[in-house]
Amino acid sequence: MTTSTSNPSMQHDRREQRLMLLLLAPALLVIVSLLIVPLVWLAWQSIWQDGGFTVINYQRFLTDSVYWMTFLQTFRIAVVVTLVTLLLGYPVAYVAAALPQRWSVLVLAMVLLPFWTSVLVRAYAWLILLQRTGIVNSALKNAGLIDTPLLLINNEFGTVMATIHILLPFMVLPLYATMKKIPPELTMAGASLGGSPSHVFTRIFLPLSLPGMIAGMVLVFVLTLGFYITPELLGGGRTYMVSMLVSRNIQVYNEWGAASSISVVLMLCVFLIFRLASLLIPFERIMGTR
Amino acid sequence: MILKFSTLVLSASAIAFSAGIASAEQITFVSQGGAYQEAQTKAILDPVAKLLGITVNQDSAPDAWPVIKTQTATGKPIWDVIDTPTQDCIRGGQQGMIEPLDFSKIPNAEKMPAEYKSAYSVAYEFYSSVLAYNKDKFGEKPPQTWADFWDVKKFPGTRALRNHPLATLEAALLADGVPADKLYPLDVDRAFKKLEEIKPYVTVWWTSGAQSAQLLADGEVDMEMAWNGRVTAVAKEGAPISYTFNQGFLQYTSLCILKGAPNLETAVKFVNAAMTPEIQANFPAYIDYGPGNPEAYKTGKISAERAAEMPSSPENAAKQVLVSDEWWSSPAGEEAQKRWASFIQQ
């Protein structure tokens, strides 16, 4: 008698595993051939140059001030964007979660509507709104609040503004999902026991919404790190983000190795951020599956 | 009778066969797309295809340089002839990605000035980086030189420059008093030092031609360095914009052939035909960029008024500085390009 026949449930398990693997095969094939292989090739280009291994592409991170200044500016923008989207997104999610179903659908639709408009179109819309002769500046001027137009665009401010606008849904949606699951009985109980509204909020609601906050912050932060069109169009040439450094290395200097190394380092940064975040909340929750 | 009929069929098929060969001769031509490539299709590509009886397939790449590298790296490029900034042809040639040109097979380029040609390229069309300004802002006394552009007291207003050192470093040196004929080799340190002066007054460092046009049209900047074709397009739409060719930077894109091009022989024939003065003279009829072959101005096809708007007309060319692609392809030029990124960031 073999063990496999002695244990029919185990045999069944194994068959099911095989079946699952078979079902997963097409997806795995796509991921391996279209994601893993190109990424390995990308990384390979940064260490293999002119028929030999080299670390020169990574040395530049230590020696070239442009590199770390670009990463510094990118991370600075990401921090600002993340904090502002949290401040703006939290009340929206709170209201959407507190409202009855049909009203919350309306609020979420309003959050999502701009989300379906092309990033490029929205960048130009900001250009029209914020430029020197734009609507905002001329309104302020007509109101007598300013004499000379404010520089709202073609700088880091304009870039941050447009990025926040684009990424706000990524903050609101995970927050909403988390808040919706907080049992209203808990806050009611807190209130009935004599807690003031602010006390109930800070001691009960806020801690329970923390997973949603972390999920939203990680998503927004990581997505900001890869922004390209927005800083390119609204940064006025001064805002220089990592993705632009990659494109310049290919288009201007034709240095694919350098471009690859920058992508690899940025990717490692993203992995690290996810790893750190997963210490706080499980990875699945960041991606919103649970 | 039967025999005669079969010879008839045979000869007919032979004719069809040779005709098939003739129409099979083709090349793939690549330019930068958009209105510019459309204009070329009418001005140059269609007439050349008709003249040679070949098929000209087209492709476009706003920035051909990285594609040149990837295509030639495989040893089997798809493109034959490219119209690209001359620098790409020269540095591409030095790096073994561009075929050297045999000028004995390109007689149409014979009378062209030596500085319009290199071992790998021949000037195809001219454009100019000019000083453009808002007429409403400056009225009777607009800025006319780069020294004026740098003079923020006499000419207050917002400014824009291209986010690229080419022509920008040259402008800084002219503003600093370097004579136009002594620009090259560029004093890069001096140029960057002069640029630091104007940097706080530059609101935008533009990256695309479309962006430079939008800045002028919307009144976002009062003066900027921009490509003449973009400026005239904005002015034609009614914006109060003007420009001067004075101290403009004359640049040209060149035709060059990819190393190992699939249709090398036809490609050389194409280049020669594209440089025909009569065909080159078609450029001004479709776009505000000037013919690469100055002989085109002698064909009588370009009116005096139109010539005055062309960056490469002898009269306008004399007011301008010819950008040295040779210098920009040299190690010093490459170094200046790398230094640009850190200049912009600080």
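As annotated in an unreviewed UniProt entry, chain A is ABC transporter permease from Rhizobium brockwellii. As recorded by UniProt, the Sequence similarities (unreviewed entry) comment attached to chain A reads in full: "Belongs to the binding-protein-dependent transport system permease family. CysTW subfamily."

## Some details on the overall build of chain B
Within chain B one finds 17 helices and ten strands. Principal axes of the C-alpha set define a box for chain B whose edges measure 95 × 40 × 35 Å. Of all 346 residues assigned to chain B, the portion counted as buried reaches 57%. Within chain B, contacts between residues at least 6 apart in sequence are counted, and of these 71% link residues at least 24 apart. Surface exposure of chain B reaches about 14,900 Å², of which carbon and sulfur atoms provide 56%. Separation between the mean location of the 31 positive side-chain charges and that of the 40 negative ones in chain B comes to 1 Å.

## Topic: the pattern of salt bridges
Under the defined criterion, the tally for this structure stands at 17 salt bridges over all chains. Among the ionic pairs, A:Arg60 bridges to A:Glu255, the shortest N-O distance being 3.2 Å. Of the two residues, A:Arg60 sits in helix H3 (residues 56-63) while A:Glu255 sits in the loop between helix H12 (242-251) and helix H13 (256-280), which places them 195 residues apart along the sequence. Between B:Lys194 and B:Glu197 there is a salt bridge, and its shortest N-O distance comes to 3.1 Å. Here B:Glu197 and B:Lys194 lie together in helix H8 (residues 188-198), a separation of three residues that amounts to about one turn. When its relative accessible area of 48% is taken as the criterion, B:Glu197 is described as partly exposed. Residues participating in the shared-partner salt-bridge network are B:Asp176, B:Arg190, B:Lys194 and B:Glu197.

## Things to note about the confidence of the model for chain B
All names here are of chain B. When pLDDT is averaged along chain B, the result is 91, and 93% of the positions lie at 70 or above. Every residue in residues 8-22 is under pLDDT 50, and counting partners more than four places away or in other chains gives one contact. Overall fold confidence (pTM) sits at 0.83, and the ipTM for the predicted complex is 0.80.

## Section: the pairing of strand E7 (residues 223-227) of chain B
Residues and elements named next belong to chain B. Among the five residues in E7, five count as buried, and that is most of the element. Residues of E7 alternate between two faces, with Met223, Met225 and Trp227 on one and Glu224 and Ala226 on the opposite face, all of them buried. The sheet contact formed by strand E4 (residues 122-134) and E7 spans five bridges and is antiparallel. Bridging from a neighbouring strand, tyrosine 133 pairs with methionine 223 of E7.

## Re the environment of B:Asp80
Residue and element names in this part refer to chain B. Mapped onto the secondary structure, aspartate 80 falls in the loop between helix H3 (65-73) and strand E3 (81-85). Sequence separation between aspartate 80 and proline 240 is 160 residues; the distance between their C-alpha atoms is 42 Å. A distance of 2.8 Å separates the side chain of aspartate 80 from the backbone nitrogen of threonine 28, its partner in a polar contact.

## Focus: the UniProt feature "transmembrane region" (unreviewed entry) in chain A
Taking the UniProt record as the reference, the feature "transmembrane region" (unreviewed entry) is found at residues 21-44, 77-99, 106-129, 157-179, 200-229 and 256-281 of chain A. Taken as a whole, residues 256-281 of chain A contains 96% helix and 0% strand, while its terminal C-alpha atoms sit 37 Å from one another.

## Re helix H2 (residues 8-47) of chain A
The end-to-end C-alpha distance of H2(A) is 51 Å, clearly below the 58 Å that 40 residues give at a rise of 1.5 Å each. Considering bend angle alone, the principal kink of H2(A) is centred on A:Ala25 and spans about 45°; proline A:Pro26 follows within four residues of it.

## Things to note about the state of the cysteines
Residue and element names in this part refer to chain B. A complete count under the given rule lists one disulfide over all chains for this structure. Paired through a disulfide, cysteine 89 and cysteine 256 show a sulfur-sulfur distance of 2.2 Å. Between cysteine 89 and cysteine 256, the S-S torsion sits near -75°, and that sign places the bridge as left-handed. Taken together, the residues span a long stretch of sequence, with cysteine 89 in helix H4 (residues 86-94) and cysteine 256 in strand E8 (residues 241-257) at a distance of 167 residues. For cysteine 256, a relative accessible area of 0% puts it in the buried group.

## Quick word on the UniProt feature "domain: ABC transmembrane type-1" (unreviewed entry) in chain A
The UniProt entry lists residues 71-277 of chain A under the feature "domain: ABC transmembrane type-1" (unreviewed entry), expressed in the numbering used here. End C-alpha atoms of residues 71-277 of chain A are separated by 20 Å, and the span's content is 78% helix alongside 0% strand.

So, how was this worked out
Residues numbered from 1 in each chain as written. Chains lettered and ligands numbered in written order. Predicted model: local features only at pLDDT ≥ 70, side-chain atom pairs only at ≥ 80, totals over all residues. Heavy atoms only, no water. UniProt positions renumbered as here; feature names shortened; annotations may be inferred. Helix = DSSP H or I, 4+ residues; strand = E, 2+ residues; numbered from the N terminus. Buried < 20%, exposed > 50% of the residue type's maximum accessible area, 1.4 Å probe, protein only. Contact = heavy atoms within 4.5 Å. Areas by Shrake-Rupley, 256 points an atom, 1.4 Å probe, with all protein chains shown as cover. Lys, Arg positive; Asp, Glu negative; His and termini not counted. Charge placed at Lys NZ, Arg CZ, Asp CG, Glu CD. Salt bridge = Lys/Arg side-chain N within 4 Å of Asp/Glu carboxyl O. pLDDT = per-residue confidence, 0-100. Pairing = 2+ DSSP bridges. Polar contact = N/O pair within 3.5 Å; in protein donor to acceptor, adjacent residues only side chain to side chain. Expected span 1.5 Å × (residues − 1). Bend = angle between axes of the 7 residues up to and from the residue. Disulfide = S-S within 2.5 Å.

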